[in-house]
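# Analysis of the macromolecular model
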Amino acid sequence: MEPTLFFSREEFAGRVERTQLAMEARGIDALIVSDPSNMAWLTGYDGWSFYVHQAIVLPVDDDPIWFGRQQDGNGAKRTAWISADRIESYPDHYVQSTERHPMQVLAEIMERRGWDKRRIGVEMDNYYFSAAAYTTLQTELPNASLHDATGLVNWQRAVKSPQEITYMDKAARIVERMHRSEERRV
């Protein structure tokens with residue numbers, strides 16, 4: 001089944017490439033993206049499961065992976081352009097556990113993929129990336145170095161593509177019609 005995408009695969013490829021160039025400029029080899037809007041911008045992933053740990057992990061030299069709760073993997077398959085072999089998950093017994101943390105699983109995945117000795121960027125000042133997530137990654141990836149990459153993806157998003165501008169224009173027309181309708185009611 002092909003995912004439902006609102007932008008072309010070429011546009012997503014351009015977004016990933018721009019982000020990887022920004023990572024390279026900052027000396028970041030892998031980026032853990034936990035902000036849902038940044039995840040969607042890079043991959044198309046559109047899930048309302050941000051109340052549990054999830055992320056897009058973007059290496060500087062490869063396609064990203066999606067990481068999240070096992071039951072949310074189907075949402076990634078339906079909304080993100082990422083291939084099924086790049087969708088990684090953790091089981092439910094990690095959710096709200098005081099004995100284990102989903103970032104332990106992410107660290108294992110990063111080690112399996114050979115990313116455990118890299119300079120890893122994380123969105124430190126982000127609502128969706130907790131202190132426990134950070135300390136767990138520090139513990140589980142002792143050969144990696146973690147670096148603040150807050151805003152790295154956001155700055156790439158600042159320059160809008162033609163399709164984004166088209167969507168923004170359509171949204172503006174809808175709001176204008178809504179306001180005209182509301183003015184007539186007052």
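If you're wondering where the values come from, they're calculated on a predicted model, not measured in any experiment.

## Details of the pattern of salt bridges
- Per the counting criterion, the structure on display carries 12 salt bridges.
- For Arg 118, the salt bridge goes to Asp 61, with nearest N and O atoms at 3.0 Å. One end of the pair, Arg 118, is in the loop between α4 (102-112) and β5 (119-122); the other, Asp 61, is in the loop between β2 (55-59) and β3 (65-69), and 57 residues separate them in sequence.
- For Arg 118, a relative accessible area of 16% corresponds to the buried category.
- Given the relative accessible area of 53%, Asp 61 is considered exposed.
- Arg 100 is the salt-bridge partner of Glu 99, the closest N and O atoms lying 3.5 Å from each other.
- The exposure class assigned to Glu 99 is exposed, which follows from its relative accessible area of 66%.

## Looking at the side chain of Ser 161
- Within the element layout of this structure, Ser 161 appears in the loop between α6 (152-157) and α7 (162-185).
- Taking relative accessible area as the criterion, Ser 161 reaches 14% and is therefore assigned buried.
- Within the structure, the side chain of Ser 161 is placed 2.6 Å from the side chain of Glu 11, a separation counted as a polar contact.

Calculation rules
- Residues numbered from 1 in each chain as written.
- Predicted model: local features only at pLDDT ≥ 70, side-chain atom pairs only at ≥ 80, totals over all residues.
- Heavy atoms only, no water.
- Salt bridge = Lys/Arg side-chain N within 4 Å of Asp/Glu carboxyl O.
- Helix = DSSP H or I, 4+ residues; strand = E, 2+ residues; numbered from the N terminus.
- Buried < 20%, exposed > 50% of the residue type's maximum accessible area, 1.4 Å probe, protein only.
- Polar contact = N/O pair within 3.5 Å; in protein donor to acceptor, adjacent residues only side chain to side chain.

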